[in-house]
Amino acid sequence: MSLDIESDVPLRALNTFGIEARARRLVRIRSARDVRQVVDHPELGRAPKFILGGGSNVLFTKDVCDALVVKMEVRGIRVVEDDARATLIEVGGGESWHDVVTWTLAQGFGGLENLALIPGTAGAAPVQNIGAYGLELSDRLESVDVVDFVTGRSATLPAAHCRFGYRDSIFKRELAGKSVITGIRLRLPKPWVPVAGYADVERWLQREGIGQPSPQTIFDAVCAIRRSKLPDPAQWGNAGSFFKNPVVNRTIRNEILEEHPDIVSYPLEDGTYKLAAAWMIAACGWKGQDLGKAGVHAQQALVLVNRGGASGADILALAHAIQDSVRRKFGLTLEPEPVIV
Ligand SMILES: Cc1cc2nc3c(=O)[nH]c(=O)nc-3n(C[C@H](O)[C@H](O)[C@H](O)COP(=O)(O)OP(=O)(O)OC[C@H]3O[C@@H](n4cnc5c(N)ncnc54)[C@H](O)[C@@H]3O)c2cc1C
């Protein structure tokens, strides 16, 4: 099948912020072969490209996206290995991440339940090493299938080569826009061990009287907590956390602590500290506040929302105002989590 190149495509339904933008040209990728067709195309091969999954971690700031939008739609999910030590699952890059989590649970495989309800595609999950409630994708990822946008060559990158960090990977840096992730492999270890140490999860399980959690009860806990805290993009356009939690060394953390003794921080294994950006934003008085058509969610100050008809520039203006406040009060610059296009 030859490539179907769509022109002047509305992107509003393809990004969870609900920003009105259009793609000058868009192609849908349903196999690694489609990527090679783009690479070999006399014109598209050389064009700048933007890979779009579910659009849940993107802020479009221009009315028209001039780069070729490459929409990831590779499907498929299957068990490739299942032995006493682990289950290995292979997933197409265009599958919905949450559907992957529910599919594994329905098959009786625990291990992904802490990452339930994270919007977006399986192919984008390694890009920022999605994480929530004590688990990151890198804890379960075996390897990533990529196709190079210059040579059209396919390769499989083992997880150890992906340079995973906190909301970070090689795909956000060296390989950004250069490689398209067509599939991933997940290793779910046996026996299943719950990851239930996160305070909110612990509290929920206690309240429900669950002493011995199962993959399903942790899934239920995570879904209930997320639904109570995070705005549904169908109601308020958003991209989840808009800022990363800053990671600082002990000296900086102690300096900030002297002036702001209530600041929420978590020690990390390498001796650094993660500071709660939501706490800092709230301390600057932004929680629940609006700037034009963009706002800060009243239940979770890390989430910026489209109050209706906001442009990408409106969201960005609010983000900049928050960054200025936090810089003035705490001397730190908050780094945005979504990709700004
Ligand atoms: C309500 C809400 C809650 C959220 N909660 C969390 C959370 O708890 N934890 C968390 O980590 N994130 C969270 N997010 C952010 C988002 O869900 C994740 O980052 C998700 O992985 C993005 O997937 P996507 O398919 O929508 O990617 P997109 O937004 O389409 O793309 C994101 C980036 O990845 C690149 N990309 C996408 N697909 C590919 C591919 N196949 N190959 C190469 N590059 C690609 C894009 O070019 C872009 O740079 C949340 C978002 C929302 C809206």
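Rules and cut-offs
Residues numbered from 1 in each chain as written. Predicted model: local features only at pLDDT ≥ 70, side-chain atom pairs only at ≥ 80, totals over all residues. Heavy atoms only, no water. UniProt positions renumbered as here; feature names shortened; annotations may be inferred. Salt bridge = Lys/Arg side-chain N within 4 Å of Asp/Glu carboxyl O. Helix = DSSP H or I, 4+ residues; strand = E, 2+ residues; numbered from the N terminus. Buried < 20%, exposed > 50% of the residue type's maximum accessible area, 1.4 Å probe, protein only. Phe/Tyr/Trp six-rings, centres within 6.5 Å; stacked < 30°, edge-to-face > 60°. Lys NZ or Arg CZ within 6 Å of the ring centre and 35° of its normal. Core = buried A, V, L, I, M, F, W, Y, C linked by side-chain atoms within 4.5 Å. Domains from an automatic or database assignment. Contact = heavy atoms within 4.5 Å.

Identification of the protein as UDP-N-acetylenolpyruvoylglucosamine reductase from Thiomonas bhubaneswarensis is taken from an unreviewed UniProt entry. Entered under Pathway (unreviewed entry) in the UniProt record, the comment concerning the protein runs "Cell wall biogenesis; peptidoglycan biosynthesis." Under the Subcellular location (unreviewed entry) heading, UniProt states for the protein: "Cytoplasm".

Undergrad: Teacher, can you tell me more about the pattern of salt bridges here?
TA: When their charged atoms lie close together, side chains carrying opposite charge are able to pair. Under the criterion given, the structure shown has 24 salt bridges. The partner of Asp8 in a salt bridge is Arg22, and the shortest N-O contact between them spans 2.8 Å. Of this pair, Asp8 sits in strand E1 (residues 5–10) while Arg22 sits in strand E2 (residues 22–29), and the two are 14 residues apart along the sequence. Overall, Asp8 belongs to the partly exposed group, its relative accessible area being 45%. A salt bridge links Glu43 to Arg25; the nearest nitrogen and oxygen atoms lie 2.8 Å apart.

Undergrad: Could you clarify how one ought to interpret the packing of aromatic side chains in this entry?
TA: The description of two aromatic rings rests on the distance between their centres and on the angle between their planes. Evaluation of the coordinates by the stated rule reveals five aromatic pairs. Ring geometry for Phe242 versus Phe243: centroids 5.2 Å apart, planes at 75°, classification edge-to-face. According to the relative accessible area criterion, Phe243 is buried, its value standing at 1%. Among the aromatic side chains, those forming a connected cluster through ring pairs are Phe17, Phe242 and Phe243. Across from the ring centre of Phe149, 5.3 Å away, lies the NZ or CZ of Lys49, which sits over that ring. Note that Arg253 overlies the ring of Tyr273, its terminal NZ or CZ placed 4.2 Å from the centroid.

Undergrad: Just to check I follow, could you spell out the nonpolar core for this structure?
TA: Soluble globular proteins tend to bury their nonpolar side chains together. Formed by 45 residues in total, the largest nonpolar core has its most connected members in Leu11, Ile281, Ile315 and Ile322. For this core, the secondary-structure elements that each account for two or more residues are E2, strand E3 (49–52), strand E4 (58–59), strand E17 (273–275), helix H6 (277–283), strand E19 (294–296) and helix H7 (312–330). Looking at this core, the element that brings in the most residues is H7, giving eight residues. Counting only domains with at least three residues in this core, you end up with domain 1 (5–72) and domain 3 (237–340). Residues within four places of Ile322 in sequence aside, it is in contact with Phe243, Ile281, Trp286, Val296, Leu304 and Leu334. In this structure, Val100, Leu115, Val146 and Ala159 belong to the second largest nonpolar core, which totals 40 residues.

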